[in-house]
Amino acid sequence: MKEHLPEYINYWFVVGIGKFIRVFWYFVIFEFTRYVIIDYIIALIHYIKRNKRSLKWDCAKNKLFIENPFVSIIIPGKNEGKHLYKLTKSLAEQTYQNFELIIVDDGSDDDTAIIGKNLEKLGLIDLFLRNKQRGGKASGANFALRFSRGKYIIHLDADCSFDRRAIENILIPFYLDEKIGAVGGNVKVRNYKNSLCATLQAIEYLKTVSVGRIVTSELGIYKIISGAFGAFKTEPLKNIGGWDIGPGLDGDITVKFRKSGYKIFFSPTSICLTNAPEKFKKLTNQRLRWDKSIIRFRVRKHNNIFLPLANFKWNNFFAIGENILYNLILNITWWIYIIDILFNFSSSLKFIIPMNLTLYVTFSYIQMLSIYIFSERRKEELTLWKFVWIMPFYTGAYLRIVRSIAYYKEYFHKASYKDLWNPVKSSKMAKQYGL
């Protein structure tokens, strides 16, 4: 290999910057611009504004604790009984305590009902509800919403745990700006040491959830409040009819809030830890389900966001447009790029492939540095750095292929309506009403 190195270096010196950009146009135009230049510009602005932001945050925190609003925390789920005690313990340690805890058992066939009723008797859960017949995640959440008495609704996943100030920090943004209707929490991977699959997802979450959502929130185009940890004003949530069935119902509810005229905010200090799939087979199935949602919700259901109607808003246009551009359109463009390289530069692949890997590995470490700047767990997350070089294979190839399959299945076959993640009867109704 060493004997080829001078030839390799000489090749890239000789071809010049013009051909370099011609060969790596996809990386230069799209990925470097979006995920390095824009991210670092926003990071710089975020840093410059830190004192002003801190003063506003403290003022909003005072307003929250003076008002001390009653909050409803709702947790719908199936076969989640084994997580419930740990969840109640995690919530009991929160700095904000004026809340009710409502658990919905969505047709479980394990001991969830016994465990839930027992915790309710012990006073660790305020209300335990049960759907004898499974209705799906959206059905469970809406069931809890009917019984909720709080000014704000916090939606959680049962297998999550939380930093002590997580609930407080997800409520404070409502007192920063009365137009904020929903707030997303910062979801991180808890089991990242258990397998390579979970480790790579931990890095991915840090990039897309932590830093990615700080950037989009700063730009006013934040568009997905994670189903694992999100807070909503109760009245508008009820006015828009709660959650609709489907894969990616968290992204759907966020768009519904945006279309209703509310701002959406990401709270990076509201830390929620969750377990990610530890095997690639399980991860593939999860992502096939999630990725279908961009076709079903963004391209079909909410495509009127691009039309010049009475409720047209440029920030909604750019929020959904950016989502479609960087997920759907650039995914298709990547395949065009691959064909372009194979047809036009096949004789130079021995130089292009190593340079491509060098660019993307360097790119991944630059992104990781931006994560390090923002993170509150720098010491713990240092262990992830030795896996960053694998990310180009994980996000650049594996996830891209899975995404392409999901888009194809949903666009041409509407496969999400056949997904057993939702009950068949619910999917039939959703398809009938175009949800």
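No experiment lies behind these values; they were computed from the predicted model shown.

Engineer: Go over the packing of helix 12 (residues 314-344) against helix 15 (residues 391-413), please, and point to the residues and values.
Structural biologist: With their axes 10 Å apart at the nearest point, helix 12 and helix 15 run at an angle of 110° to one another. Here helix 15 runs roughly perpendicular to helix 12, going by the angle between their axes. In the packing of helix 12 onto helix 15, the handedness of the crossing is left-handed. Together, Asn 327, Leu 328, Leu 330, Asn 331, Trp 334 and Trp 335 of helix 12 and Gly 396, Arg 400, Ile 401, Arg 403, Ser 404 and Tyr 407 of helix 15 make up the contact between the two elements. For the contact of helix 12 with helix 15, the per-class residue count stands at six nonpolar, four polar and two charged.

Engineer: Which residues make up the layout of surface pockets, and what values go with them?
Structural biologist: The calculated volume of the second largest pocket comes to roughly 1400 Å³. Only helix 2 (25-48), helix 3 (50-67), helix 7 (166-171), strand 6 (180-189), helix 8 (196-219), strand 8 (263-274), helix 12 and helix 13 (349-374) provide two or more residues apiece to the lining of the second largest pocket. Residue classes in the lining of the second largest pocket are distributed as 20 nonpolar, twelve polar and 17 charged.

Engineer: Could you give an account of a nonpolar patch on the surface, naming the residues involved and the relevant values?
Structural biologist: Residues Leu 5, Ile 9, Phe 13 and Val 14 make up a contiguous nonpolar surface patch of roughly 440 Å² in combined accessible area. Structurally, Leu 5 is set in helix 1 (residues 5-23).

Engineer: Please set out the side chain of Arg 213 residue by residue, giving values where relevant.
Structural biologist: You can see Arg 213 is positioned in helix 8. A polar contact is formed between the side chain of Arg 213 and the backbone oxygen of Ile 224, at a distance of 3.4 Å. When residues no more than four places from it in sequence are discounted, the contact partners of Arg 213 are Thr 208, Tyr 222, Ile 224, Ser 226 and Phe 266.

Engineer: How would you summarise the packing of aromatic side chains if you had to cite specific residues and measurements?
Structural biologist: Under the defined criterion, the tally for this structure stands at 34 aromatic pairs. With 5.1 Å between their ring centres and 80° between their planes, Tyr 411 and Phe 412 make a pair best called edge-to-face. Clustering of aromatic rings is evident, with ring pairs tying together Tyr 11, Trp 12, Phe 20, Phe 24 and Phe 351. Over the ring of Tyr 47 we find Arg 50, and its NZ or CZ is 3.9 Å from the ring centre. Positioned above the aromatic ring of Tyr 417 is the side chain of Arg 296, whose terminal nitrogen or guanidinium carbon lies 3.9 Å from the ring centre.

Engineer: Tell me about helix 5 (residues 112-121), and name the residues and values.
Structural biologist: Considered for burial, the residues of helix 5 that qualify are Thr 112, Ala 113, Gly 116 and Leu 119. Seen end-on, helix 5 carries its buried residues on one side only, within an arc spanning 135°. Within helix 5, the exposed residues directed more than 90 degrees away from the buried face are Ile 114 and Lys 121. For helix 5, the secondary structure elements touched by its buried residues are helix 4 (81-92), strand 2 (99-106) and strand 3 (127-131).

Engineer: Outline the nonpolar core, listing residues and values.
Structural biologist: Grouped together as the largest cluster of nonpolar side chains are 62 residues, with contacts concentrated most on Ile 73, Leu 91, Ile 154, Leu 156, Phe 162, Leu 171 and Phe 229. The leading source of residues in this core is helix 8, at nine residues. Formed by 23 residues, the second largest nonpolar core is a distinct cluster that contains Val 104, Ile 214, Ile 225 and Ile 253.

Engineer: Any chance you could break down empty space enclosed by the protein for me, citing the residues and the numbers?
Structural biologist: Applying the stated criterion to the full structure yields four cavities of 30 Å³ or more. A volume near 70 Å³ is recorded for the largest cavity. Looking at the largest cavity, the residues that line it are Lys 259, Asn 304, Ile 305, Leu 307, Leu 309, Asn 311, Phe 312 and Asn 316. Of the residues contributing to the lining of the largest cavity, the split by class is four nonpolar, three polar and one charged. Size it by volume and the second largest cavity reaches roughly 40 Å³. If you go around the second largest cavity, the residues you meet are Ile 75, Pro 76, Gly 77, Glu 80, Gly 81, Leu 84, Ile 103, Val 104, Thr 112 and Ala 158. With three residues, strand 1 (residues 71-77) is the largest single contributor of residues to the lining of the second largest cavity. Tallied by class, residues from the lining of the second largest cavity come to six nonpolar, three polar and one charged.

Conventions adopted
Residues take numbers from 1 onward in each chain, read along the sequence in its written order. Totals for whole chains, interfaces and linings use all residues, but because this is a predicted model, local features are given only for residues with pLDDT of at least 70 and pairs of side-chain atoms are given and counted only at 80 or more. Just so you know, side-chain values use all the structure's heavy atoms and leave hydrogens and water out. Comment: axis = line fitted to C-alpha atoms, over the contacting stretch for helices; angle = value between 0 and 180 degrees taken between N-to-C directions. The numbering of helices and of strands both runs from the N terminus, where a helix is a DSSP run of H or I of at least 4 residues and a strand a run of E of at least 2. To sort the angles, those under 35 degrees are grouped as roughly parallel, those over 145 as roughly antiparallel, those from 65 to 115 as roughly perpendicular, and the leftovers as oblique. Each crossing gets its hand from how the near helix is turned against the far one by less than a right angle, where anticlockwise is left-handed and clockwise is right-handed. We call two residues in contact whenever any of their non-hydrogen atoms come within 4.5 Å of each other. Here the nonpolar group is Ala, Val, Leu, Ile, Met, Phe, Trp, Tyr, Cys and Pro; Asp, Glu, Lys and Arg are the charged ones; every other residue, Gly included, is treated as polar. Residues are called lining when one of their atoms sits within 4 Å of a cavity or pocket point, these points coming from a 1 Å grid over the protein atoms alone, where a cavity is a set in which a 1.4 Å probe fits but cannot get out and a pocket is an open set with protein on both sides within 12 Å along at least five of seven lines. Grid points are joined across faces, edges and corners, and a volume is the space filled by probe spheres set on the points. In this scheme, patches are assembled from residues that exceed 30% relative accessible area and form no salt bridge. Like charges are connected within 9 Å, while nonpolar side chains (Val, Leu, Ile, Met, Phe, Trp, Tyr) are connected within 5 Å. Per-residue and other accessible areas follow the Shrake-Rupley method at a 1.4 Å probe size, with only the shown protein chains counted as cover for residues. Salt-bridge detection follows one rule: a side-chain nitrogen of Lys or Arg within 4 Å of a carboxyl oxygen of Asp or Glu. Polar contact is the term for a pair of N or O atoms within 3.5 Å; when the atoms are in protein, one must be able to donate a hydrogen and the other to accept it, and sequence-neighboring residues count only if both atoms are side-chain atoms. Between the rings of Phe, Tyr and Trp (Trp by its six-membered ring), a pair exists once the centres lie within 6.5 Å; its type follows the angle of the planes, with under 30 degrees stacked, over 60 edge-to-face, and the other angles tilted. Two thresholds decide whether a charge sits over a ring: the Lys NZ or Arg CZ must be within 6 Å of the ring centre and within 35 degrees of the ring normal. In this scheme, a residue with accessible area under 20% of its type's maximum is buried, one over 50% is exposed, and one in between is partly exposed, where area comes from a 1.4 Å probe on protein chains only. The arc in question is the one spanned by the directions pointing from the helix axis to the C-beta atoms. Working definition of a nonpolar core: buried Ala, Val, Leu, Ile, Met, Phe, Trp, Tyr and Cys residues. They are joined through side-chain atoms within 4.5 Å.

Purely geometric numbers; function is a separate question.
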